[in-house]
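As a plain string of letters, each chain reads:
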Amino acid sequence: MDKKQEHKYQGREYKYPSFIKKDFKPFNPIELYKKTEKIVCRDSNRKYTKFYCTGVYGGISTGYTVGCCLKCVFCWVNWSRDFPYKYGRFYSPKQVYERLLKNAKFRRVKKFRISGGEPTIYKEHLLKVLDLATKGDYLFILESNGIILGCDKNYVKELSKYSKDNLHIRISLKAGDEEGFQRRTGAIGEYYILPFLAIQNLMKDNISFHVASMSDPKLMPNSERKKMLNKLREIGYLKYLEEEICDPYNTTIVRLKAAGFNIL
Ligand code: SF4
């Protein structure tokens with residue numbers, strides 16, 4: 001960790017990487033996941049910044065959690081992703097569920113989601129939220145970058161106990177090869193395979209899911225997109241692919257510029 005990644009906040013020193021710069025040193029995303037977990041998780045509680053309903057998925061009650069194990073240059077999440085020690089407050093699984101439910105009832109929507117970071121960080125917390133939130137006629141959409149689900153088969157097995165009517169997973173691919181993965185997420189290239197392994201694990205355990213990809217042509221070259229599609233075919237995923245476009249949020253613009261991408 002270089003000096004530039006040391007930050008002082010409320011008298012404490014944090015050695016935590018923020019957003020990637022042109023000269024960044026690639027990091028191990030599993031190590032970052034563990035480092036992030038130590039900051040954003042306490043007892044059964046996890047940090048969140050806010051709860052409200054959004055129009056995506058036809059209307060969904062969303063909790064915005066703090067912390068991720070990647071540093072995507074196109075990420076729209078606020079600065080809580082880069083400075084998790086500064087943002088959010090701790091919520092218990094019950095408090096998370098109550099917030100999700102209250103907002104869903106108010107807006108008359110039937111879907112829940114955790115977004116804003118990587119929801120699979122801190123399994124104990126997520127499974128407790130799911131125990132509460134996957135009942136009745138509510139659908140919980142779990143959005144994940146697939147890093148943790150790709151390296152922990154048991155985690156995926158535990159997710160398979162929830163009904164397909166109540167839990168759907170969206171795995172979001174960031175790249176189609178090692179080079180693209182490292183350049184756009186900051187993580188060491190060889191870990192690009194983990195989200196594909198997550199897809200295999202989800203198929204094996206017969207879990208309801210679909211795959212998304214940040215394959216905006218401004219970010220992902222055609223040659224890499226082809227590799228991604230081939231890889232998906234190779235592992236047996238032949239269903240719907242939701243291809244995303246990079247939106248110009250303020251944080252996204254700063255992150256793209258810092259990493260040397262002039263695309264927006
Ligand atoms: S885009 Fe998703 S996976 Fe990438 S850094 Fe942001 S929250 Fe994490």
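Up top is the structure.
As a starting point, this report considers the structure included with it. (Residues numbered from 1 in each chain as written. Predicted model: local features only at pLDDT ≥ 70, side-chain atom pairs only at ≥ 80, totals over all residues. Heavy atoms only, no water.)

Quick word on the overall build of the chain
Defined as follows: A run of H or I in DSSP becomes a helix once it reaches four residues, and a run of E becomes a strand once it reaches two; helices and strands are each numbered from the N terminus. The classification of residues rests on relative accessible area computed with a 1.4 Å probe and restricted to protein chains. Under 20% of the type maximum is buried, over 50% is exposed, and intermediate values are partly exposed. Working definition of accessibility: Shrake-Rupley area with a 1.4 Å probe, residue cover restricted to the visible protein chains. For the purpose of charge, His is not counted, nor are the chain termini; Lys and Arg are scored as positive and Asp and Glu as negative. Positions of charges follow a simple convention, taking NZ of Lys, CZ of Arg, CG of Asp or CD of Glu.
Counting its regular elements, the chain contains 9 helices and 11 strands. Relative to its full complement of 264 residues, the chain shows a buried share of 55%. When the accessible area of the chain is evaluated, it comes to approximately 12700 Å², of which 49% is carbon and sulfur surface. Put simply, the chain has 49 plus and 29 minus side-chain charges, and the middle of one group is 5 Å from the middle of the other.

Section: the site of the ligand
For the record, the criterion: We call a residue near a given molecule or strand whenever any one of its heavy atoms falls within 4 Å of it. Here a cavity denotes a set of grid points, spaced 1 Å apart and computed over the protein atoms alone, in which a 1.4 Å probe fits but from which it cannot get out, and a pocket denotes an open set meeting protein on both sides within 12 Å along at least five of seven lines; residues with an atom within 4 Å of a point are reported as lining. The rule for placing a molecule in a cavity or pocket is simple: more than half of its atoms must lie within 2 Å of the grid points. Classes in brief: Ala, Val, Leu, Ile, Met, Phe, Trp, Tyr, Cys and Pro nonpolar; Asp, Glu, Lys and Arg charged; the others, Gly included, polar.
Taken together, C68, L70, C72, C75, V77, R81, N145 and K174 form the complete shell of residues around the ligand. When atoms are counted within 2 Å of each cavity's grid points, the one that captures over half of the ligand is the largest pocket. Residues that form the shell around the ligand fall into these classes: 5 nonpolar, 1 polar and 2 charged.

Points about the nonpolar core
Filter applied, for reference: Residue types Ala, Val, Leu, Ile, Met, Phe, Trp, Tyr and Cys, when buried and joined through side-chain atoms within 4.5 Å, form a set referred to as a nonpolar core. The contact rule is simple, with two residues in contact once any of their heavy atoms fall within 4.5 Å.
If you look at the biggest cluster of nonpolar residues, it comprises 77 residues, and the most contacted ones within it are F140, L159, I169, I199 and L232. In contact with I169, not counting residues within four places along its chain, are L142, L159, L202, I207, S208, F209 and H210.

Thoughts on the layout of surface pockets
What counts here: Grid points are joined across faces, edges and corners, and a volume is the space filled by probe spheres set on the points.
What the largest pocket holds in volume is close to 980 Å³. Considering each element in turn, the lining of the largest pocket owes the most residues, 4 residues, to strand β4 (residues 45-54).

What about the pattern of salt bridges?
Any two side chains of opposite charge can pair, on the condition that their charged atoms come close. What counts is decided by this rule: Counted as salt bridges are all cases of a side-chain nitrogen of Lys or Arg within 4 Å of a carboxyl oxygen of Asp or Glu.
What the rule picks out here adds up to 18 salt bridges. A salt bridge links D152 to K123, with the nearest nitrogen and oxygen atoms 3.8 Å apart. With a gap of 29 residues between them, D152 in the loop between α4 (147-151) and α5 (153-159) and K123 in helix α3 (residues 123-133) connect regions that are remote in the sequence. A residue is classified by how much of its surface remains accessible, and D152, at 22% relative accessible area, is partly exposed.

Considering the side chain of H210
Under the convention used in this document: N or O atoms within 3.5 Å of each other form a polar contact, as long as, within protein, one can give a hydrogen and the other can take it, and as long as residues adjacent in sequence are counted only when both atoms are side-chain atoms.
By secondary structure assignment, the location of H210 is in strand β10 (residues 209-213). Of the residues examined, H210 reaches a relative accessible area of 11% and is grouped as buried. There is a polar contact of 2.8 Å between the side chain of H210 and the side chain of H168. For H210, the contacting residues outside a window of four places in its chain are H168, I169, R170, I171, Y237, Y240 and E242.

Observations regarding helix α1 (residues 29-40)
Stated precisely, the cut-off is as follows: Expected span of a helix: the number of residues minus one, times 1.5 Å.
Here α1 contains 12 residues, and its C-alpha end-to-end distance of 16 Å stays within 8% of the 16 Å for a straight helix at 1.5 Å per residue. Among all positions of α1, only P29, I30, L32, Y33, T36, I39 and V40 are buried. In this structure, the buried side of α1 is in contact with β2 (12-15), β3 (41-42), β4, β6 (89-91), α4 and α7 (194-204). Residue N28 occupies the N-cap position of α1, its side-chain oxygen lying 2.8 Å from the main-chain nitrogen of I30.

Here we look at unusual backbone geometry
Unusually for a residue other than glycine, R108 sits at a positive phi of about 55°. Positionally, R108 belongs in the loop between α2 (93-107) and β7 (111-115). You will see that Y122, though not glycine, has its phi angle at about 75°, which is positive. Note on placement: Y122 falls in the loop between β7 and α3. On the accessibility criterion, Y122 (12% relative accessible area) is buried.

What is shown is where atoms sit, not what they do.
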